[in-house]
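Observations on the model geometry
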Amino acid sequence: MYKKEKIQNFPIANYLDQICDSLKKSSSHVMVLTAETAAGKSTVLPLALLENFEGKIIMTQPRRLAVLGVANRISELLEEECGKGEVGYKIHLENRVSKNTRLEVVTEGILVRQLQKDPVFENYNLVIIDEFHERSINTDLLLAFLKEALELRDDLYVIIMSATIDTEKLQNYFLKDDRELPLFQIPGRQFPVEVVYKPEFSVENAVLQEINRSEKGNILVFLPGISDIRKVFSNLQDELREKDVELLILHSSISLEEQKKILKDSKSRRVILSSSIAETSLTVPGVTIVIDSGLVRVNRINISTGMENLSTEVESEFSAEQRKGRAGRLQAGRCIRLW
């Protein structure tokens, strides 16, 4: 049982009872929920679902680090140790689920593999697909299985959540006959973020200027790929060491143990060099400054060869806003855009 005073500052707290009631009464057993940054959909809503729904719940996250962050945060709100109480998680080569676990947080790939043994989700009464806007082949496969499972079971419920989502397409996909599919849009809790444009600055110059400008606040730097990240890391390493600033890398190619360091609080000031992995579904502790290169690495198919290759492109407006929002989750922040 969680303490309501711990969640009262989250915008979604005022909607929890309404969300649970609407899902229970929905003839389709499906709900689509959109929520702005820091609304509490990934960490606060599961608490209410545990209280209002029987059986086991499984929730997907697009990345391993997001799984760890969400599972540990929910456990913290329940004042229990993750993996030993009601909340646990599963990622590749790591299983923190016990006999007491009612809520499992997993990557999409883990749930797809479980479908080989449990194609109609018989082990679960509620399935939550979070961060749906980061669609992958695994997400689409899960939707196909969920649609079939809903036809075979009358005790299965589904919630699809995202910061931004095409609700009409999802309605058309799941609705049959005159069934009802409730939609919820939850406002966020975004602190003001000052946006400054500095096209003449390099990433290194922008980082050093922000370090000298203020003595507080971690800095999250968005770069397109691991080669750019390692280059900037090499250029900044000596100077930041002299200033007693910790320099870290956040990228899917580094070890999970190194990634876990990002989620732990630190007494020293940090500069985190990240790919788009930190755009959504992940709150990096202590970040009040974002430096955005404006670039992203995208997987594209070469039509002539039929092969995939990574290309560096200008980020979308949505990505730019998501990156900016990382600076305003905890308090008023600052975003430096290098274009």
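Quick look at the structure, then. This one's a predicted model, so the numbers in the text were calculated from it and none came from an experiment. (Residues numbered from 1 in each chain as written. Predicted model: local features only at pLDDT ≥ 70, side-chain atom pairs only at ≥ 80, totals over all residues. Heavy atoms only, no water.)

Let us now look at the nonpolar core. Counting residues in hydrophobic clusters, the biggest one holds 57 residues, and the most contacted among them are Leu 49, Leu 126 and Leu 250. For this core, the element with the highest residue contribution is helix α3 (residues 64–77), accounting for seven residues. Apart from the residues lying within four places of it in its own chain, the contact partners of Leu 49 are Cys 20, Ile 57, Leu 126, Ile 128 and Ile 159. If you look at the next biggest cluster of nonpolar residues, it comprises 26 residues, including Leu 111, Phe 121, Leu 150 and Leu 170. (Core = buried A, V, L, I, M, F, W, Y, C linked by side-chain atoms within 4.5 Å. Buried < 20%, exposed > 50% of the residue type's maximum accessible area, 1.4 Å probe, protein only. Helix = DSSP H or I, 4+ residues; strand = E, 2+ residues; numbered from the N terminus. Contact = heavy atoms within 4.5 Å.)

Let's shift gears to the pairing of strand β5 (residues 103–107). When a strand is regular, its side chains alternate between the sheet's two faces. Burial of β5 is extensive: five of the five residues sit out of reach of the surface. Residue alternation in β5 divides its side chains into two sets, Leu 103, Val 105 and Thr 107 and Glu 104 and Val 106, and both sets are buried. As judged from the five bridges shared by strand β2 (residues 57–61) and β5, these two strands associate in the parallel manner. Bridge pairing in β5 links Met 59 to Val 105. Note that strand β3 (residues 87–91) and β5 share four bridges and pair parallel. (Pairing = 2+ DSSP bridges.)

For the pair helix α1 (residues 16–25) and helix α2 (residues 45–52), interaxial distance at closest approach is 10 Å and the crossing angle is 55°. One way to sum up the angle between α1 and α2 is to call them oblique. At the point where α1 passes α2, the crossing takes the right-handed sense. When α1 is examined against α2, the residues Leu 16, Ile 19, Cys 20 and Lys 24 are found in contact with a partner set consisting of Leu 45, Ala 48, Leu 49 and Asn 52. (Axes fitted to C-alpha atoms, helices over the stretch in contact; angles between N-to-C directions. Parallel < 35°, antiparallel > 145°, perpendicular 65-115°, else oblique. Left-handed = near helix turned anticlockwise from the far one by under 90°.)

As a further point, take α1. For α1, every residue scored as buried is listed here: Leu 16, Ile 19, Cys 20 and Leu 23. The buried residues of α1 occupy one face: seen down the axis, they fall within an arc of 95°. Residues of α1 that are exposed and point more than 90 degrees away from the buried face comprise Asp 17 and Lys 25. Of the surrounding elements, those touching the buried residues of α1 are β1 (30–35), α2, β6 (126–129), β7 (157–162) and β8 (183–186). (Arc of directions from axis to C-beta.)

Read across the open sheet, the six strands follow the order β9-β16-β13-β10-β12-β11; overall the sheet is parallel. Both outer strands of the open sheet, β9 (193–197) and β11 (245–250), are each paired with one neighbouring strand and no more. Sheet twist, expressed as the average angle between the axes of neighbouring strands with direction ignored, equals 20°. Each of β11 and β12 (269–274) touches helix α8 (residues 226–242); the most contacted strand, β11, lies at about 170° to it.

Moving on, we get to helix α5 (residues 137–152). End to end, α5 covers 23 Å across 16 residues, agreeing with the expected 22 Å (1.5 Å per residue, within 8%). Where α5 is concerned, the buried positions are Thr 139, Leu 142, Leu 143, Leu 146, Ala 149 and Leu 150. End-on, the buried residues of α5 take up no more than an arc of 135°, which puts them together on one face. The exposed residues of α5 that point more than 90 degrees off its buried face are Ile 137, Glu 148 and Leu 152. Those residues of α5 hidden inside the fold are in contact with β1, β2, α4 (108–114), β6, β7 and α6 (167–174). (Expected span 1.5 Å × (residues − 1).)

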